[in-house]
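Residue-level structural notes
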Amino acid sequence: MSFRATVLTLYPEMFPGHLGQSLAGRALERGDAVIEAVNIRDYAHDRHRSVDDTPAGGGAGMVLRPDVLAEAIDAVSPDGDERPRLLMSPRGRPLTQARVRDLAAGPGAVIVCGRFEGVDQRVIEARRLEEVSIGDYVLSGGEPAALTLLDAVIRVLPGVMGNAQSGAHESFETGLLEHPHYTRPQVFEGREIPPVLVSGNHAAIEAWRQAQSLELTRQRRPDLLDRPEAAGGPQPAK
Ligand code: ADE
């Protein structure tokens, strides 16, 4: 069974974008994942094909019309479609590696890319759109956010990463940021590879990597240390 993403957007030509290359590109070629981009404008009602209007109550910008978007969603995701419906938005819940894994374990997703000032609240409620943010900054639209989410999902689909182990020690999978990496040459511009890594002592290497991960996380992302994953598993409630 492949992961099927239907992306509703005003810029379908942005897809698959960079996902046509490299690891994701090969997954798309094999059919492990399918990305279908659908133009919201195809569901406009008037001869100008308008999809937005001025905000009720006044203010700057334009708002995506609920009727046009609802029609587009209903066309691509009829009753019985089990896929979650996501709306890429800086107002959404932050995307996490856990949610990425969760999505990858399911049948796919319907992803709405917002543009303009936003999307009429009534269609968010009526079509149960789950708002998802990829970070605390504002993009010009949801498309790059959807590409980012799909990149993260596709790489964890079964069989996509060459070595099944290769994701296990990454940042966020362990709840901590990943330790630093080194390779040859032994000395680069006067800087040596930390001696423990060339000692051949695997227990010492593992302990060093753990300590580095913990220190890096403490310095850069102390918020992660409060999450249960950081302690290596679920924690009893405080
Ligand atoms: N659209 C605009 N900014 C966004 C963000 N940070 N995350 C998801 N979608 C967005």
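Criteria and thresholds
- Residues numbered from 1 in each chain as written.
- Predicted model: local features only at pLDDT ≥ 70, side-chain atom pairs only at ≥ 80, totals over all residues.
- Heavy atoms only, no water.
- Domains from an automatic or database assignment.
- Contact = heavy atoms within 4.5 Å.
- Buried area = accessible area lost by both parts, 1.4 Å probe.
- Salt bridge = Lys/Arg side-chain N within 4 Å of Asp/Glu carboxyl O.
- Helix = DSSP H or I, 4+ residues; strand = E, 2+ residues; numbered from the N terminus.
- Polar contact = N/O pair within 3.5 Å; in protein donor to acceptor, adjacent residues only side chain to side chain.
- Core = buried A, V, L, I, M, F, W, Y, C linked by side-chain atoms within 4.5 Å.
- Buried < 20%, exposed > 50% of the residue type's maximum accessible area, 1.4 Å probe, protein only.
- Pairing = 2+ DSSP bridges.
- Right-handed = clockwise from strand over helix to strand, strands pointing away.

Quick look at the domain arrangement of the chain
- Here the chain is partitioned into domain 1 (3-155) and domain 2 (169-238).
- On a C-alpha basis, the centroid separation for the pair domain 1 and domain 2 is 35 Å.
- Opposite the four residues of domain 1 that make contact, domain 2 presents four residues.
- Summing both sides of the interface, domain 1 and domain 2 together bury roughly 320 Å²; the carbon and sulfur share of this comes to 33%.
- For the domain 1 face of the interface with domain 2, the top three residues by lost area are Gln97, Arg101 and Arg155, together amounting to 82%.
- Seen at the junction of domain 1 and domain 2, the total is two salt bridges.
- Measuring nitrogen to oxygen at the nearest pair gives 2.8 Å for the salt bridge that ties Glu173 to Arg101.

Comments concerning the environment of Ser50
- Mapped onto the fold, Ser50 is located in the loop between β2 (33-39) and β3 (52-53).
- For the pair Ser50 and Leu64, spaced 14 residues apart in sequence, the C-alpha separation works out to 9.4 Å.
- Residue contacts for Ser50: discarding those within four places in its chain leaves Arg41, Ala44, Arg65 and Val68.
- Separated by 2.6 Å, the side chains of Ser50 and Asp46 make a polar contact.

Here we look at the nonpolar core
- Ranked by internal contacts, the top residues of the largest apolar core, which has 30 residues, are Phe3, Ile111, Leu149, Leu150 and Ile154.
- Of all elements in the fold, only β1 (3-9), α1 (22-30), β2, β5 (85-94), α3 (97-104), β6 (108-113) and α5 (143-155) reach the threshold of two or more residues within this core.
- With residues up to four places along the chain from it excluded, the contact list for Leu149 reads Leu86, Met88, Leu95, Leu103, Ile111 and Val132.
- Listed in part, the 20 residues of the second largest apolar core include Leu64, Leu69, Val76 and Val112.

A few points about the pairing of β2
- Taken together, the seven bridges between β1 and β2 define a ladder with parallel strand orientation. Note on β2: the bridge partner recorded for Phe3 is Ala33.
- A crossover links β1 with its parallel partner β2, the connecting element being α1, and its sense is right-handed.

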